[in-house]
Amino acid sequence: MTSSNMSATPAPQRIVLIGFMGAGKSTTGRLLASALGWRFVDSDDLIEARVGHTIAEIFTTQGEDAFRALESEVIRQQCCEQHLVLALGGGAIEHPSTREHLHTLPDTHIVYLEAPLDVMVARCLEQPGAAIRPVLADRVRLAHRFTSRIPHYRTAHLTVATAHLTPEQVVERILAALGGTPFEPAPSAAGENLPTR
Ligand SMILES: Nc1ncnc2c1ncn2[C@@H]1O[C@H](COP(=O)(O)OP(=O)(O)O)[C@@H](O)[C@H]1O
Ligand SMILES: O=C(O)C1=C[C@@H](OP(=O)(O)O)[C@@H](O)[C@H](O)C1
Ligand SMILES: [Mg+2]
């Protein structure tokens, strides 16, 4: 199912993907950017590049609050760019200033990739390097985190239920919901979008 609240941004300059771990934000975002000829950025990659440590190392050495603050700052700095597909980390919307910033950014379409928790956990566990997600390792808190984030995810302009779709089909749904490909391609956007998680 795809549900839409599209009135705010008829011709977006940016698409921001939100959703829980394993929803497919990084994978789908890269494909979507490629289809549009836009740049793809993953907030987790930006954080790791800036700090010079993996997300798991940042959680261990600095703690989750420090990670969230860094994540919020990185997103604010990045998301003014045009012709951008930005995949957020699953917990980015926990930070109030990130939420406020995203929802006040003009020409920005927020897309929620949705799936049942067990589907997303299974996807993550099958992925090589799954241990890099510290939130996934904390199984006791996982369900609570998921349910507490859902109201924030649901504020997106568009929701795509991904459980029975391939990443390519998710991209098709997003493009169809946006009316095909009504966007200007960026002047050059090739070869930037290698997946890392
Ligand atoms: N629609 C999908 N169907 C099946 N597997 C998917 C889908 N989207 C992503 N995956 C797989 O799930 C794993 C996590 O995807 P990823 O894009 O890293 O999610 P996220 O960034 O939302 O945490 C990857 O192994 C990816 O190939
Ligand atoms: O849900 C979370 O709190 C997190 C999700 C991860 O990103 P993905 O959602 O892309 O896996 C990453 O930002 C970090 O491990 C924390
Ligand atoms: Mg990701």
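By the naming in an unreviewed UniProt entry, the protein chain goes by Shikimate kinase and is assigned to Silvibacterium dinghuense. Recorded in UniProt for the protein chain, the comment headed Catalytic activity (unreviewed entry) runs: "shikimate + ATP = 3-phosphoshikimate + ADP + H(+)".

Near ligand 1 there are 16 residues, and of these Gly22, Lys25, Ser26, Thr27 and Leu165 occur at the shortest range. Take Arg133: an N or O atom from its side chain is 2.9 Å from an oxygen atom of ligand 1. Of the residues forming the shell around ligand 1, the biggest block, three residues, is contributed by helix 1 (residues 25-36). Residues belonging to the shell around ligand 1 are distributed by class as follows: five nonpolar, seven polar and four charged.

Read across the open sheet, the six strands follow the order 1-6-5-2-4-3; overall the sheet is mixed. What marks the edges here is a single partner per strand, and that holds for strand 1 (2-4) and strand 3 (39-42). Going from strand to strand, the sheet's axes swing by 20° on average, the running direction of each strand aside. Note: strand 1 against strand 6 (residues 158-161), three bridges, orientation antiparallel. Residue pairing for strand 6: Thr2 is matched across the bridge by Val160.

Scoring rules and cut-offs
- Residues numbered from 1 in each chain as written.
- Chains lettered and ligands numbered in written order.
- Predicted model: local features only at pLDDT ≥ 70, side-chain atom pairs only at ≥ 80, totals over all residues.
- Heavy atoms only, no water.
- UniProt positions renumbered as here; feature names shortened; annotations may be inferred.
- Near = heavy atom within 4 Å.
- Polar contact = N/O pair within 3.5 Å; in protein donor to acceptor, adjacent residues only side chain to side chain.
- Helix = DSSP H or I, 4+ residues; strand = E, 2+ residues; numbered from the N terminus.
- Nonpolar A, V, L, I, M, F, W, Y, C, P; charged D, E, K, R; others polar.
- Pairing = 2+ DSSP bridges.
- Axes fitted to C-alpha atoms, helices over the stretch in contact; angles between N-to-C directions.

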